[in-house]
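Observations on the three-dimensional arrangement
Below, each chain spelled out in residue letters.
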Amino acid sequence: EPEVTQTPSHQVTQMGQEVILRCVPISNHLYFYWYRQILGQKVEFLVSFYNNEISEKSEIFDDQFSVERPDGSNFTLKIRSTKLEDSAMYFCASTPMGGTDTQYFGPGTRLTVL
Amino acid sequence: AQSVTQLDSHVSVSEGTPVLLRCNYSSSYSPSLFWYVQHPNKGLQLLLKYTSAATLVKGINGFEAEFKKSETSFHLTKPSAHMSDAAEYFCVVSEPTGGGNKLTFGTGTQLKVEL
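All figures in this text were calculated on a predicted structure; none of them were measured in a lab.

Turning our eyes to something else, we now look at the overall build of chain A. Helices and strands together make up the secondary structure of chain A, namely zero helices and eleven strands. Start at the N end of chain A and walk to the C end: the helices and strands fall as β-β-β-β-β-β-β-β-β-β-β. Compactness check: chain A gives a C-alpha radius of gyration of 13 Å against a globular reference of 13 Å for 114 residues, within 12% of the reference. Overall size of chain A, expressed as C-alpha extent along the three principal axes, is 40 × 30 × 25 Å. The burial tally for chain A puts 46% of its 114 residues in the buried class. Taking the intrachain contacts of chain A between residues at least 6 apart in sequence as the baseline, contacts between residues at least 24 apart amount to 54%. As presented, chain A carries roughly 5700 Å² of accessible surface, and 47% of it is formed by carbon and sulfur atoms.

Here it is, written out as structure tokens:
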């Protein structure tokens, strides 16, 4: 069964450094999302992406964040200058075409900012 | 804005006994509702989904949920708990956006299953 994959599974970085989290959505999916889950808190929506542009973003998704689909398979989340409070599990999700709203999640990348 | 409230942060049951995880929703229109499960150190797995076709929804691993509009509830149940059901469960509501949809998660219910 096709799956969403994410790399790396765990990323440790120093405060102020740039990080790129990578996701490979399911191949025929058209809608892509990033969510994050700070330890002990609920999963929060960050951004949705369709047709090569952001369709919606939350207030968390400020100028430090960007997303990109650089080729036909990858979907990336970049954090330009990481802060301690960016430490969280980041989940990528995707939805197929046709209007269904079921989102299929990847296993997550745990980001630790020191 | 849509929201979900999970009424219990922790639920503990004995193996073989019924499971009830409670969720209430708030939505300005007919919602799409989901239950996702997260096992330790794993991603989010879809258990089941409600989209107005039927009020009683059956999911994987013997779980089901009933949509009750009059009570604005979408409680998750299972007749007999298994040790492997121990995990965190999230009630989720979907809201359409300009492209796709946005999920709003509840705070989660940690299910513990004891021998």
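Still more to cover.
Further remarks concern the pattern of salt bridges. Note on pairing: side chains with opposite charge can pair once their charged atoms come close. The tally for this structure, following the rule as stated, stands at six salt bridges over all chains. As a salt-bridge pair, Lys102 of chain B and Glu56 of chain A come within 3.3 Å of each other at their nearest N and O atoms. Here Lys102 of chain B is found in strand S11 (residues 101-105), whereas its partner Glu56 of chain A is found in strand S6 (residues 53-57) on a different chain. Residue Lys78 of chain B pairs with Asp85 of chain B through a salt bridge whose shortest N-O separation is 2.8 Å. Assessed through its relative accessible area of 11%, Lys78 of chain B is described here as buried. What makes Asp85 of chain B buried here is its relative accessible area of 4%.

The next subject is unusual backbone geometry. Note the cis peptide between Thr7 of chain A and Pro8 of chain A, where omega equals -10°. Checked against the element boundaries, Pro8 of chain A lands in the loop between strand S1 (5-7) and strand S2 (10-13). Notably, Asn52 of chain A is not glycine yet its phi reads approximately 65°, a positive angle. Note on placement: Asn52 of chain A falls in the loop between strand S5 (43-50) and S6. The phi dihedral of Thr72 of chain B is positive, around 45°, even though this residue is not glycine. Inspection of the secondary structure puts Thr72 of chain B in the loop between strand S8 (64-68) and strand S9 (73-78).

Accessible area lost when the parts come together is the quantity often used to give the size of an interface. With 20 residues of chain A at the contact, the number on the chain B side is 22 residues. Carbon and sulfur atoms make up 54% of the surface buried where chain A meets chain B, a total of about 1700 Å² over both sides. On the surface where chain A and chain B come into contact, there are one salt bridge. Taken together, the connections running from chain A to chain B amount to seven residue pairs in polar contact (both at pLDDT 80 or more). Elements supplying a minimum of two residues to the side of chain A that touches chain B: strand S4 (29-37), S5, S6 and strand S9 (88-96) of chain A.

With that out of the way, let us pick up the packing of aromatic side chains. Taken as a whole and assessed by the stated rule, the structure comprises 19 aromatic pairs over all chains. Relative to Tyr50 of chain A, the ring of Tyr31 of chain A has its centre 4.4 Å away and its plane inclined at 10°; by these criteria the two rings are stacked. Remark: Tyr50 of chain A occurs in strand S5 and Tyr31 of chain A occurs in strand S4; sequence separation between them is 19 residues. What makes Tyr50 of chain A partly exposed here is its relative accessible area of 30%. The structure contains a cluster of three or more aromatic residues connected by ring pairs, namely Tyr33, Tyr35, Phe45, Phe91 and Phe105 of chain A together with Phe34, Tyr36, Phe90 and Phe105 of chain B.

What follows deals with the environment of Val24 of chain A. Residue and element names in this part refer to chain A. Here Val24 lies in strand S3 (residues 19-24). Here Val24 falls in the partly exposed class, since its relative accessible area comes to 29%. Residues Val24 and Ser94, spaced 70 residues apart in sequence, show a C-alpha to C-alpha distance of 9.2 Å. The residues touching Val24, leaving out its near neighbours within four places in the chain, are Glu3, Val4, Thr5, Ser73 and Asn74.

With that settled, consider the state of the cysteines. All chains considered together, the criterion is met by two disulfides over all chains. Between Cys23 of chain A and Cys92 of chain A runs a disulfide, and the two sulfur atoms are separated by 1.9 Å. Between Cys23 of chain A and Cys92 of chain A, the S-S torsion sits near -65°, and that sign places the bridge as left-handed. Of the two residues, Cys23 of chain A sits in strand S3 while Cys92 of chain A sits in strand S9, which places them 69 residues apart along the sequence. Of the residues examined, Cys23 of chain A reaches a relative accessible area of 0% and is grouped as buried. Overall, Cys92 of chain A belongs to the buried group, its relative accessible area being 0%. Paired through a disulfide, Cys23 of chain B and Cys91 of chain B show a sulfur-sulfur distance of 2.0 Å. Handedness of the Cys23 of chain B-Cys91 of chain B disulfide follows from its S-S torsion of about -65°: it is left-handed.

Quick notes on the rules
In every chain, residue numbers begin from 1 and rise along the written sequence. Working convention: letters from A go to chains and numbers from 1 go to ligands, in the order in which they are written. Only residues with pLDDT of 70 or above have their local features reported here, since the model is predicted, and side-chain atom pairs are shown and tallied only from 80 upward, although totals for entire chains, interfaces and linings are computed over all residues. Think of the side-chain values as coming from all heavy atoms in the structure, minus any hydrogens and water. Runs of E in the DSSP output that reach at least two residues are strands. Runs of H or I that reach at least four are helices, and both are numbered from the N terminus. We compute the radius of gyration over the C-alpha atoms and compare it with the globule rule, which gives 2.2 Å times the number of residues raised to the power 0.38. Exposure categories follow from relative accessible area, calculated using a 1.4 Å probe and restricted to protein chains: below 20% of the type maximum is buried, above 50% is exposed, and the middle band is partly exposed. The contact criterion used is simple: two residues touch if any of their non-hydrogen atoms lie within 4.5 Å. Using a 1.4 Å probe, the Shrake-Rupley method yields the accessible areas, and only the shown protein chains count as cover for residues. Here, a salt bridge means any side-chain nitrogen of Lys or Arg that lies within 4 Å of a carboxyl oxygen of Asp or Glu. Values labelled buried area give the accessible surface lost by two parts on being combined, using a 1.4 Å probe and summing over both. Whenever a nitrogen or oxygen atom comes within 3.5 Å of another N or O atom, the pair is scored as a polar contact, on the condition that within protein one atom can donate a hydrogen and the other can accept it, and that pairs from neighbouring residues in sequence are kept only if both atoms are in side chains. Pairs were defined over the aromatic rings of Phe, Tyr and Trp, the Trp ring being its six-membered one, requiring ring centres within 6.5 Å. Orientation was assigned from the angle between planes: stacked under 30 degrees, edge-to-face over 60, tilted for the rest. Put simply, a disulfide is two cysteine sulfurs that come within 2.5 Å.

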